[in-house]
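Listed below are the residues making up each chain.
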Amino acid sequence: MEPGKNQRLFKDKPIKVLLAKPGIDGHDRGMFVLAKAFRDAGMDVIYAGLLPTPEEVVDTAVNEDVDVIALSLLNGAHLTVFKKVVDLMTKRGIDDIAVVGGGTIPDEDKPKLEKMGISGNYGPGTPLSVIIEHITERAIEARKKKLGIQ
Amino acid sequence: MSDGAAYWSDKIKEIEEHRSVANERYRRWSSTTLARWNKKTNYKEVPRYNSSGIKLKEIYTSEDLMQDHEDKNLGMPGEFPFTRGIYPNMYRGRLWTMRMFSGFGSPEDTNKRLKYLIKHGETGLSIAFDMPTLYGFDCDNPRADGEVGKCGVNVSTLKDMEIMFDGIDLSKISTSMTINAPAIVLTAMYFAIAKKQGVPLDRIAGTVQADILKEYIAQKEWVYPPEAHIRLIRDMMVYCTHNAPKWNYISISGYHIREAGASAVQELAFTLADGFYYVDMGIKAGLSVDDFSPRLSFFFNSSINFFEEIAKLRAARRIWAKVMREKYGARKERSLLLRFHTQTSGYTLTWQQPLNNIIRTTIEAMAAVIGGTQSLHTNSYDEAWALPSEQAVKVALRTQQIIAEESGIPDVIDPLGGSYYIEWLTDEMEKQAYSYFEKIEQMGGILEAVKSGYIQREIANTSYRRQQRLERGEEVMVGVNKYVEEEKEPINILRISKEAENIQRRRLKDIRSKRDPIKVKEALNELKRAMEDENENLMPYYIKAVEQYATLEELTEIGREVYGTWKEPTIV
Amino acid sequence: MKPERRNLEYSEKMNKEELVEGILRGDRRAVSRAISILEASINAELSRFILNSIYPHTGKSQIIGITGPPGVGKSTMIGKLCELLVEQGSNLAVLAVDASSPFTNGSILGNRIRMQSDLTKSGVYMRSLSTHGVSGGLSRAVWEATSVLEAAGHDTILVETVGAGQADLDILELADTIAVVLAPGLGDELQAIKAGIMEIGNIFIVNKKDREGAYLSMKEIEDILSINPGKGWNPPVVGTNSLTGEGFDELIRYISEHNRYEKDNGGKKRRRVYNTILMAVKMRLDSMVAEELEVVRERLSAEEQLHSRNPYEIADEYLKEDVKRLISFAK
């Protein structure tokens, strides 16, 4: 996890990540740790703040043109609320922003989230390097899609 | 006795001046016996630190105690400065209350769980509310979609509380409610139920968390700007001092501050700093310190660093007693007692190999008991996955019972008192807390420190540094970064169905159609008018409104209209 | 352009004409993507196309640069200002410029403003830019972003920078109106930031008006400014209180007065053309230099005997060839 090491595709513009808890969940310790860790890994981080609605999350992601939205919830509402975010993106035809999940997510919910297109779904205690690597992978995918312009 | 920041630097000097200068025993031993041994066994010294960053020697001796230690700083249980315990006979006279934090789904679900726990021996109730309730949203608010009943019980009107406490005699058991932003609403509801049960208010025992400062610092469950919530706390304080003398109208909390990433010393310092703020508030409200401070209660974390936690709790009692007497001039002994509830640390629980959590909770519970807690909640082993299942919560309760009945720990008061290590560590944490108080005072007080984001940033930095140490392997979490296994243990976790959300929505609809809309509107308008007058006590208005089945969100909205909302400063 | 696509949100499958069409329509996705493309500037032709296409639609907005030292409550002030501008019907956009870590190149962006207001909820477009990761300089990226936002129909664009360094001054000079936020009791800091900032400020805002010393600070600033009486526009000093909203009506009035002043004097138009040409040349030069450096890098890695000679001589040799190449580019 050397700073800036995974940045070859992003030489001129680092990976941009939006960190958001789209439901009613104020437990932000993890958000602050991730924000600092991503920054130290050379990424540009947007933190969505406390209690953004799914609409605000998607609007911010679009306005800032992030590569990845990293969603996290510790309140058990992930299936409902993560879905709201993904549905909004589908409705707006946004498919060049990746969605990665995390939080208190039981194993049996993970396949459901993956089906929605949300990968990762890391629980507390996951090594930061694992999360950063995964986010980088998905960011590269998203960036490639974005660059497909004539 | 000096004022302001000078008071704190005096207290630091007191400790430093009374510290022993001698260090002969340790020096001789470490340069000879220890050094020889290390050389022989090829051991390279790695310095050890506790969570507060305090460096730990290999061993402590009588030379680490302060001069006149026993008389000056230690005292006896039930005697100033209460380091050894706030009551003379502690657990011999009365065991700590076994109070398991519970709540999920609909009020019916929670009622069932409360009765289950009472049956299995819990001696006090503690209610967990769901996220919509904690933030003042009704269950039918679109934002509550998918959240109803998930983290705790859902309460939108008095009816929900009635169902939750059905068959539970409020005169016979005390209840703690973990609720902050709408604390005054839930308190009003509890008082209304007491009324319905025919229990006079002056016999109602229990606690409402209400500590809004720690919300801005750590738990983030606020709605209005600080001044608004503080006014509501003031109103509860004044009302209860006069009408409900057995009700702890606030539980000044360090638990959440610790969970947010603070070290033990930060938890100690920030919690007590919040406490001092509320004392100032009470005095400003025109109450005498001896009238209201006996009902200030506290809530600490018990984390996995065993000895540090014990020292922290002892230091907390001592600091509170000294400051209340010296700075606030409290005369009555009851005003000097730091009474607290403890919860074992949720952050230390792992989803990997969940049965390991039983051991963690046990160690943490032991620290809380040896540290002299008045009330204890023990976490369940499956809580890194979900809310506690019946089986898991029973084991957590039994943990307390085994400590109480089998281990012999409660038989002797402050059993680690006199341990060179514990006494040194208690002194050291006390000193570091004073340093924080001095700094906070220089910043203009805890409220300013919170509004500027200083406290929150301190915590975020400590938390990040800890995570970095974990990543580097300098700190270990068994099963997470050491002794890692591939397969996951299958456990049956509690699943909250969507049914609870449906039940609650139907019930709310029903209530709205059955209540008297004119009376509700009247009550809400009266509340609003009273709220606009700083000198009015709002408690009776809230009670009146909940009795008319005004909803939680309707009541929360009134505050938003009068006071607005608040966004936190930049922390990262 | 296919008619059935006209009102759909921009997506990356669309071509560059549709991208521009989206910008002019005010489609957030198109605007946002265009800013990213210009920021990264990996496709010089595409960047040129976008800038050429939107240029005719620029020039009508007011670009307000806001700066000031940390700790003056700038973000709360901006939050309140945005709230009021939106209330008054402005189609507002905000660009927040942050410094990235010099060590890791990463940054946490725009938090200050995002945390202080409900911008997204009220429909304000907000975008963060950081000092790194932008090819060819931050001021160019900011300038091009403001052009896109102008073309998209935003009548007011706030550009907020963190401090008072040279990079910030460069950015601020692109603005039509520069507001400097100060707080009472800055004392020595006031002297320190005097250089540069005080000279270019058009409006001075003393925030936290209710704090002790607010009056003194306003007087101090007025004194400093009167030493260098500007020709034409006399920078006013406004006291604001972000909590009560006091002073903001006055501030907004000064902002619109300055806008009128610049328009009437032709200063704005002149500055716009100047900056556009400067940025266009800069962009071209930057990409030429970047390409050239790549060539040099390749040659160096192939070069075997690097240690044996004086590096400055080697550099001179390369430069002679570079200049030849550059001249051929220019033709």
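Residues numbered from 1 in each chain as written. Chains lettered and ligands numbered in written order. Predicted model: local features only at pLDDT ≥ 70, side-chain atom pairs only at ≥ 80, totals over all residues. Heavy atoms only, no water.

A.B. asks: For this particular structure, what's the right way to read the domain arrangement of chain C?
C.D. replies: For an interface, size is often stated in terms of accessible area lost upon the parts coming together. All names here are of chain C. As far as domains go, chain C holds domain 1 (11-57), domain 2 (58-265) and domain 3 (274-330). Contacts between the two partners involve 18 residues from domain 1 and, on the opposite side, 22 residues from domain 2. For the domain 1 and domain 2 pair, buried surface summed over both sides reaches about 1,600 Å², with 57% attributable to carbon and sulfur atoms. Together, Arg-28, Ile-35 and Glu-39 form the three largest contributors to the area buried by domain 1 at its contact with domain 2, with a combined 39%. The interface formed by domain 1 and domain 2 contains 6 residue pairs in polar contact (both at pLDDT 80 or more). Every element with two or more residues in the side of domain 1 that touches domain 2 is listed here: helix 1 (16-25), helix 2 (28-40) and helix 3 (44-54). The element that contributes the greatest number of residues to the side of domain 1 that touches domain 2 is helix 2, accounting for 9 residues. Residue composition of the side of domain 1 that touches domain 2, by class: 11 nonpolar, 5 polar and 2 charged. (Domains from an automatic or database assignment. Contact = heavy atoms within 4.5 Å. Buried area = accessible area lost by both parts, 1.4 Å probe. Polar contact = N/O pair within 3.5 Å; in protein donor to acceptor, adjacent residues only side chain to side chain. Helix = DSSP H or I, 4+ residues; strand = E, 2+ residues; numbered from the N terminus. Nonpolar A, V, L, I, M, F, W, Y, C, P; charged D, E, K, R; others polar.)

A.B. asks: Before we go on, may I ask you to explain the sheet that holds strand 7 (residues 247-248) of chain B in this structure?
C.D. replies: Picture the strands of a sheet paired through backbone hydrogen bonds; they go either parallel or antiparallel. All names here are of chain B. With respect to topology, 9 strands assemble into an open sheet ordered 7-6-5-4-3-11-10-9-8, the strand pairing being parallel. Every other strand in the sheet has two partners, leaving strand 7 and strand 8 (250-253) as the edge strands with one partner each. Pairing of strand 3 (residues 97-102) with strand 11 (residues 375-377), which is carried by 2 bridges, proceeds in the parallel orientation. When the sheet's bridge partners are listed, Met-98 is paired in strand 11 with Leu-376. Its contacts with the sheet place helix 14 (residues 306-326) against strand 9 (296-302) and strand 10 (339-344), and it is angled at close to 160° to strand 9. (Pairing = 2+ DSSP bridges. Axes fitted to C-alpha atoms, helices over the stretch in contact; angles between N-to-C directions.)

A.B. asks: Would you explain unusual backbone geometry in this entry?
C.D. replies: For residues besides glycine, phi is generally negative; the peptide bonds are generally trans as well. Residues and elements named next belong to chain B. Omega for the peptide link from Phe-80 to Pro-81 comes to 0°, which places this bond in the cis form. Take Pro-81: it is sitting in the loop between helix 3 (69-74) and helix 4 (90-93). At Lys-220, a position not held by glycine, the phi torsion is positive, near 65°. Position of Lys-220 relative to the elements: it lies in the loop between helix 9 (212-219) and helix 10 (226-243). For Tyr-549, which is not glycine, the phi dihedral falls at a positive 65°. For Tyr-549, the position within the fold is in the loop between helix 22 (539-547) and helix 23 (552-563). Here Tyr-549 falls in the buried class, since its relative accessible area comes to 18%. (Buried < 20%, exposed > 50% of the residue type's maximum accessible area, 1.4 Å probe, protein only.)

A.B. asks: When you look at the interface of chain C and chain A in this model, what are you seeing that I'm missing?
C.D. replies: With 41 residues of chain C at the interface, the matching set in chain A holds 36 residues. Counting the surface lost from both chain C and chain A, the interface buries some 3,000 Å², and carbon and sulfur atoms represent 49% of this. Where chain C meets chain A, there are 3 salt bridges. With its nearest N and O atoms 2.9 Å apart, the salt bridge here joins Asp-65 of chain A to Arg-33 of chain C. One can count 15 residue pairs in polar contact (both at pLDDT 80 or more) joining chain C with chain A. For the side of chain C that touches chain A, the elements supplying multiple residues, two or more each, are helix 1, helix 2, strand 3 (107-108), helix 5 (111-116) and strand 4 (125-130) of chain C. Considered class by class, the residues forming the side of chain C that touches chain A number 15 nonpolar, 15 polar and 11 charged. (Salt bridge = Lys/Arg side-chain N within 4 Å of Asp/Glu carboxyl O.)

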